[in-house]
Amino acid sequence: MAAATEAGAAAGRPEPRHGVRIAVIWLVLAVAADLVIWFVWGPHMPPGNMSTSAADQQFDFNVLSVIAAPVMLAVFIYFGYALTMWRQRPGDEEDGPGHLRGEARVQAAWIIVTSAIVLGLAGFGTYELIAPAGAGAGEGPQPIWKPAGVNTSSLTSWVPNTKNILQVQVIAQQWLFTYRYPQFGGMETTQLELPVGQPVEFHVTSLDVIHSFWAIQLGVKADANPFLDNVAYTTPEHTGGFTVRCDELCGIWHGAMYNYGSVVPVTAFQSWVKATETRLAALTKTLPPFALVYTPNEISGLAKFYYQAGLPGAGGQYYGPQDPEQP
Amino acid sequence: MSLRSRIAVLAIAFAAVVAGGFFVVVHYLLGPTPQTVDFTAGHASGQPVNMTIMTDPVNDVSGTPDWVSYFVQSPQTGQWMHSTTWQLPAHTRINVTAYEFDTCDPLRNQYWGKVTGTVGDVMQVSGEAAGVNGTVSVVNSNTTCGVAHTFTVPGLGLNVPFEGVLYTASNQCTHGPCAMSTTHTVTKFSFVTPGPGSYRWQCFIPCGLATDDGNGHAMSTLGFMTGFLQVVA
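What counts and what doesn't
Residues numbered from 1 in each chain as written. Chains lettered and ligands numbered in written order. Predicted model: local features only at pLDDT ≥ 70, side-chain atom pairs only at ≥ 80, totals over all residues. Heavy atoms only, no water. Helix = DSSP H or I, 4+ residues; strand = E, 2+ residues; numbered from the N terminus. Buried < 20%, exposed > 50% of the residue type's maximum accessible area, 1.4 Å probe, protein only. Contact = heavy atoms within 4.5 Å. Areas by Shrake-Rupley, 256 points an atom, 1.4 Å probe, with all protein chains shown as cover. Lys, Arg positive; Asp, Glu negative; His and termini not counted. Charge placed at Lys NZ, Arg CZ, Asp CG, Glu CD. Disulfide = S-S within 2.5 Å. Core = buried A, V, L, I, M, F, W, Y, C linked by side-chain atoms within 4.5 Å. Pairing = 2+ DSSP bridges. Axes fitted to C-alpha atoms, helices over the stretch in contact; angles between N-to-C directions. 1 Å grid on protein atoms, 1.4 Å probe; cavity = no way out; pocket = protein on both sides within 12 Å on 5 of 7 lines; lining within 4 Å. Points joined across faces, edges and corners; volume = space filled by probe spheres on them. Nonpolar A, V, L, I, M, F, W, Y, C, P; charged D, E, K, R; others polar. pLDDT = per-residue confidence, 0-100.

Colleague: Teacher, can you tell me more about the overall build of chain B here?
Modeller: Broken down by element type, chain B carries one helix and 13 strands. For chain B, the α and β elements follow one another from N to C terminus as α-β-β-β-β-β-β-β-β-β-β-β-β-β. When its C-alpha atoms are laid out on the principal axes, chain B stretches across 80 × 45 × 30 Å. Taking all 233 residues of chain B together, 51% fall into the buried category. In chain B, once contacts between residues fewer than 6 apart in sequence are set aside, the share between residues at least 24 apart is 72%. Accessible surface computed for chain B: about 9,900 Å², of which carbon and sulfur atoms make up 60%. Distance between charge centres in chain B, computed from 7 positive and 12 negative side chains, equals 17 Å.

Colleague: Just to check I follow, could you spell out the state of the cysteines for this structure?
Modeller: As used here, a disulfide is simply a covalent bond connecting the sulfur atoms of two cysteines. Applying the stated criterion across every chain, the model contains one disulfide over all chains. The thiol of Cys246(A) is not disulfide-bonded; the next cysteine sulfur, from Cys250(A), is found 3.8 Å away.

Colleague: I tried to follow the nonpolar core on my own but got confused; where do I start?
Modeller: One recurring pattern in soluble globular proteins is that nonpolar side chains are buried together. Counting residues in hydrophobic clusters, the biggest one holds 49 residues, and the most contacted among them are Met51(B), Ile53(B), Trp86(B), Phe151(B), Met225(B) and Leu229(B). In this structure Phe151(B) touches Tyr70(B), Trp86(B), Leu158(B), Asn159(B), Val160(B), Phe162(B), Phe189(B), Trp201(B), Gln202(B) and Leu229(B), once residues within four positions along its chain are discounted. In this structure, Trp158(A), Phe213(A), Leu218(A) and Trp272(A) belong to the second largest nonpolar core, which totals 35 residues.

Colleague: I tried to follow the pairing of strand E5 (residues 200–206) of chain A on my own but got confused; where do I start?
Modeller: In summary, the side chains of a regular strand alternate between the two faces of the sheet. All names here are of chain A. Within E5, seven of the seven residues are buried, which leaves it mostly tucked inside the rest of the structure. Of the two faces of E5, the one lined by Val-200, Phe-202, Val-204 and Ser-206 and the one lined by Glu-201, His-203 and Thr-205 are each fully buried. The sheet contact formed by strand E1 (residues 166–173) and E5 spans seven bridges and is parallel. From the neighbouring strand, Val-170 faces E5, where its bridge partner is Val-204. Sheet analysis places E5 next to strand E8 (residues 230–234), joined by five bridges and oriented antiparallel. Across the sheet, the residue bridging to Phe-202 is Ala-232, located in E8.

Colleague: Can you help me understand the sheet that holds E8(A) in this one?
Modeller: Sheet strands associate in pairs through backbone hydrogen bonding, adopting either a parallel or an antiparallel arrangement. Residue and element names in this part refer to chain A. If you walk across this open sheet you meet the five strands as E3-E2-E1-E5-E8, and the pairing is mixed. Each having just a single partner strand, strand E3 (187–189) and E8 make up the two edges of the open sheet. On average, each strand axis in the sheet is tilted by 25 degrees relative to the strand beside it, whichever way the strands run. Strands E1, strand E2 (176–181) and E3 of the sheet are contacted by helix H5 (residues 266–279), whose axis makes an angle of about 100 degrees with E3.

Colleague: What is the right way to read empty space enclosed by the protein from this model?
Modeller: By rolling a water-sized probe across the atoms, one finds the places where empty space is left. Applying the stated criterion across every chain yields a total of two cavities of 30 Å³ or more. Here the second largest cavity is characterised by a volume of approximately 70 Å³. Forming the boundary of the second largest cavity are Gln173(A), Gln174(A), Leu207(A), Asp208(A), Arg108(B), Asn109(B), Trp112(B), Phe204(B), Ile205(B), Pro206(B) and Asn215(B). For the lining of the second largest cavity, the class distribution of residues is five nonpolar, four polar and two charged.

Colleague: What is the right way to look at the confidence of the model for chain A in this model?
Modeller: Caution is warranted with low-pLDDT regions, since their predicted coordinates should not be read in detail. Residues and elements named next belong to chain A. Scored by pLDDT, chain A has a mean of 86; 85% of the residues are at 70 or more. Across chain A, element-level confidence peaks in strand E4 (residues 192–195) with a mean pLDDT of 97 and bottoms out in helix H1 (residues 2–11) with 49. Low pLDDT (under 50) marks residues 298–302, which in the prediction has nine contacts with non-local residues, meaning those over four places away or in another chain. Low pLDDT (under 50) marks residues 312–327, which in the prediction has 44 contacts with non-local residues, meaning those over four places away or in another chain.

Colleague: Honestly, the sheet that holds strand E10 (residues 258–264) of chain A in this entry has me stumped. Any pointers?
Modeller: Residues and elements named next belong to chain A. Taken together, the five strands give an open sheet; going across it, the order is E4-E10-E9-E6-E7, and neighbouring strands pair in mixed fashion. The outermost strands of the open sheet, each flanked by one partner alone, are E4 and strand E7 (220–224). Pairs of neighbouring strands in the sheet enclose a mean axial angle of 20 degrees, with direction left out of account. Here strand E6 (residues 211–215) runs beside E7; their pairing, made up of five bridges, is antiparallel. Each residue of the ladder has a partner; that of Phe-213, found in E7, is Ala-222. The sheet contacts of H5 involve E4 and E10, and relative to E4 the element is tilted by about 140 degrees.

Following this line, the structure appears as structure tokens:
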């Protein structure tokens with residue numbers, strides 16, 4: 001700046017007000033960028049608005065982008081302006097100004113603005129985690145942020161548009177997800193169907209290693225840990241398909257551990273769940289009783305028999321000394 | 001030693017270490033690529049394909065003889081092949097005969113006791129099964145011993161739980177490919193291939209000995225308890 005300043009002074013030209021220039025450029029571009037982000041890009045920001053949690057996350061991403069864009073533009077505009085205006089000119093051999101001075105107002109503004117942004121985002125993020133009942137994230141076995149107006153008054157039946165929330169258990173295993181519906185006889189299936197407009201309580205667990213249940217377009221993500229019930233909430237708001245992926249590296253077929261779910265009208269869900277319950281009745285009888293977590297090797301009386309008899313059993317963890325669990 | 005010489009030595013040493021690491025990864029960790037058994041050669045359109053497979057408690061064809069393993073019978077030579085990558089024609093009925101020589105275990109998730117994705121959602125079981133013989137749609141692995149291994153293709157919704165033989169059965173297989181004179185069960189089922197694509201399959205009994213919760217070793221190695229159906233037009 002000093003070189004340009006002194007060059008300008010030497011040439012007899014008044015020094016332009018660089019700060020005002022930069023501020024005007026920044027203001028115009030920042031407003032334009034924020035308008036584009038909010039009104040053009042925002043509605044298409046992942047994960048979309050298929051559910052309440054997805055819509056909340058999309059809103060959060062939009063807010064973060066609207067705040068981040070001006071900051072990023074400020075950096076790049078200053079960078080570009082400096083390269084353009086204060087670059088070394090032909091014949092300019094001067095090595096900067098004679099002295100540097102502090103600018104208290106700039107420093108104070110920097111501290112105040114950055115502190116306000118960071119603290120504001122901390123408060124915003126906390127509110128956005130609490131208000132939408134955990135924002136679709138796993139809250140552990142005893143969730144403290146639950147959807148308003150619903151409860152779990154019945155684990156054996158479900159009627160739409162009542163306070164009794166729909167329960168869906170997600171069972172992860174190497175390498176596929178299955179789903180149990182305790183309010184429909186405890187049936188288990190590889191299909192994940194949900195009714196639109198009805199709150200859902202996911203209970204996520206694992207039968208072996210750590211997985212992560214990520215229903216992408218629903219904005220739901222919860223780790224699946226063995227022997228742990230991880231609860232997450234959402235309310236699907238639009239019908240359509242969504243993708244479920246494992247989001248925790250879990251072995252050779254982790255990349256193939258995905259399937260698809262769908263949000264359907266309430267009547268279609270009721271038809272599907274009734275037909276599926278009937279179709280799987282013979283299988284359901286052989287399943288262990290519904291529980292929030294499973295110890296697969298203990299639910300099987302046969303596995304206990306193997307253990308007591310000193311026999312190896314691949315279905316459980318009752319391995320003989322020749323095959324220690326962790327060699 | 002000059003600076004140029006020292007840099008050259010350092011570069012050569014670095015390259016040697018990288019090459020050695022690459023060799024170890026490829027040779028010992030990734031292993032050889034299993035061969036593909038082709039069921040499309042000479043196949044007449046519209047005709048079913050007959051495929052014969054076996055699951056053995058041991059194998060004599062690898063450096064890990066205590067790993068359980070699938071084998072498939074070559075449609076050309078009738079020899080048992082140590083391969084789990086099978087090339088099949090699209091939109092074709094596949095008639096499978098599966099010989100099961102391994103003993104039974106309880107499933108970690110009893111869901112995989114249900115036969116799905118086969119013609120009629122059933123399988124035909126015979127031989128010396130610990131569980132039920134005849135037409136079977138669900139195997140309760142917790143009460144009848146039941147399942148030794150499964151043949152599961154998630155992308156096709158196909159799941160077939162093979163009933164195993166009891167631990168107490170006599171004349172069990174000790175060398176794989178197993179001899180038909182040893183104790184075994186026979187499972188027959190059919191399914192129809194979809195359009196062209198690569199469909200991975202696996203066993204859902206965690207039979208990889210004790211590693212990685214039972215899902216390591218044979219469960220995580222192509223050529224043993226997991227593989228691909230390569231469906232071609």
